[in-house]
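Spelled out, the chains give:
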Amino acid sequence: LAMGGNYTQPKFILLGITDTPWARAPLFGLFLLIYIITLVGNTGLMVLVWVAPSLHTPMYFFLAHLSLADVCYSTIISPKMLTDLLFGDKTISWAGCAAQFHLFALFVTAECHLLAAMAYDRHMAICHPLRYVLLVTPRACWHLVACSYLVASLSALLYTGCTFGGSFCGPRRVDHFFCDASPVLRLACSAARGRELAIFGLAAANGLGTGAAVLLSYGRILRALLGMRSAPSRARAFRTCASHLASVSVFYGTLFFMYLQPASWHGGRDKVASVFYTVVSPMLNPFIYSLRNTEVKAALGKCRRRM
């Protein structure tokens with residue numbers, strides 16, 4: 001595979017989270033535990049939404065797809081990171097690196113749009129309860145999910161083309177634990193400034209666009225909550241939004257820190273932020289949406305009694 005420069009080198013080397021030998025075993029155990037909890041929690045939530053008739057509503061339909069996206073992009077990152085920690089073989093082929101980044105970008109972008117769709121669902125349920133059943137139909141939900149994945153697929157193609165479309169030379173040591181855009185572009189032979197700006201602009205369009213939709217929805221929800229005269233109704237409506245707000249805050253906070261800053265600002269803190277939204281955040285979502293959710297608890301109780 002000729003990649004420019006004076007020689008051919010078909011592999012990248014992921015430097016990983018740490019180069020300290022004694023830290024590998026504890027980190028392997030910690031991240032393996034987190035990954036198992038992520039798989040069990042999100043898969044369990046998807047199965048529960050599928051089998052429990054009381055959860056066959058738009059909110060839980062979107063939540064099941066959110067769990068699917070969490071499982072997918074966690075699986076794209078965690079197994080490679082775990083094998084690197086366990087065996088110390090940090091090499092990855094050019095094709096494997098591009099595929100990892102492409103799939104990661106696809107599911108992370110899809111999650112942004114799914115969170116916006118969930119905010120729209122809550123806005124319609126609270127602000128327009130009489131029109132909710134007519135507007136938020138199963139067909140409309142499928143259209144929103146399909147559009148989320150379509151936009152994410154097109155965005156991922158552009159992200160990947162901008163990141164891997166040039167030539168690479170020199171020692172291809174990626175200072176990260178997975179193939180992300182910024183550390184890969186640092187290895188480009190040719191000037192990558194234009195491609196960095198294109199990625200930044202596309203990330204801003206997806207992140208800020210969906211973030212604005214979430215903020216707009218919750219601004220109207222807050223106005224509706226303040227106008228409610230019944231305190232129990234206000235508390236019930238707030239409970240339905242609290243889990244989603246917590247998930248949005250965790251996800252968008254680290255995502256904006258990573259991708260909406262100039263390339264010159266990227267440094268060692270990126271790995272900590274990346275661990276949080278690629279490894280920790282997918283594990284937290286099932287707990288955020290189930291621990292204080294009476295409907296999920298009730299459905300889980302019914303499933304246990306039935307079994």
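Conventions used here
Residues numbered from 1 in each chain as written. Predicted model: local features only at pLDDT ≥ 70, side-chain atom pairs only at ≥ 80, totals over all residues. Heavy atoms only, no water. UniProt positions renumbered as here; feature names shortened; annotations may be inferred. Helix = DSSP H or I, 4+ residues; strand = E, 2+ residues; numbered from the N terminus. Buried < 20%, exposed > 50% of the residue type's maximum accessible area, 1.4 Å probe, protein only. Contact = heavy atoms within 4.5 Å. Pairing = 2+ DSSP bridges. Axes fitted to C-alpha atoms, helices over the stretch in contact; angles between N-to-C directions. Parallel < 35°, antiparallel > 145°, perpendicular 65-115°, else oblique. Left-handed = near helix turned anticlockwise from the far one by under 90°. Nonpolar A, V, L, I, M, F, W, Y, C, P; charged D, E, K, R; others polar. Phe/Tyr/Trp six-rings, centres within 6.5 Å; stacked < 30°, edge-to-face > 60°. Lys NZ or Arg CZ within 6 Å of the ring centre and 35° of its normal.

In the annotation of an unreviewed UniProt entry, the entry for the protein chain reads Olfactory receptor, and the organism field reads Rhabdornis inornatus. Quoted verbatim from the Function (unreviewed entry) field of the UniProt record, the comment on the protein chain reads "Odorant receptor."

Trainee: Quick one: what's the story with the environment of F251, residue by residue and with numbers?
Mentor: Position of F251 among the secondary structure elements: in helix α8 (residues 231-259). Of the residues examined, F251 reaches a relative accessible area of 0% and is grouped as buried. Those residues in contact with F251, other than ones at most four positions away along the chain, are Y73, V108, E111, C112, L115 and S281.

Trainee: Describe the sheet that holds strand β2 (residues 91-93), with residues and values.
Mentor: A sheet is described by the order of its strands in space; here three strands give the open sequence β2-β1-β3, paired in mixed fashion. Looking at the sheet topology across the chains shown, the edges are occupied by β2 and β3 (173-174). Across three bridges, the pairing between strand β1 (residues 11-14) and β2 is antiparallel. Bridging from a neighbouring strand, F12 pairs with I92 of β2. Where helix α3 (residues 94-127) meets the sheet, it contacts β1 and β2, and its direction lies at approximately 85° from that of β2.

Trainee: I'd like a rundown of the packing of α3 against helix α7 (residues 193-226), residues and numbers included.
Mentor: Look at α3 against α7: their axes get within 9 Å of each other, and the N-to-C directions meet at 15°. Overall, the two elements α3 and α7 adopt an arrangement that is roughly parallel. At the point where α3 passes α7, the crossing takes the left-handed sense. In contact with T109, C112, H113, L115, A116, A119, Y120, R122, H123, I126 and C127 of α3, α7 contributes N206, T210, A213, V214, S217, Y218, R220, I221, A224 and L225. When grouped by side-chain class, the residues that make up the contact of α3 with α7 number 13 nonpolar, six polar and two charged.

Trainee: Help me get a handle on the packing of aromatic side chains, residues and values and all.
Mentor: Scanning the model with the defined rule gives 11 aromatic pairs in all. Here F251 and Y252 contribute two aromatic rings whose centre-to-centre distance is 5.8 Å and whose plane-to-plane angle is 90°, an arrangement assigned as edge-to-face. Each member of the pair, F251 as well as Y252, is classed as buried. By way of ring pairs, the aromatic residues F12, W94, F101, F164 and F168 are connected into one cluster. Positioned over the ring face of F12 is R172, at 5.8 Å from the centre of the ring.

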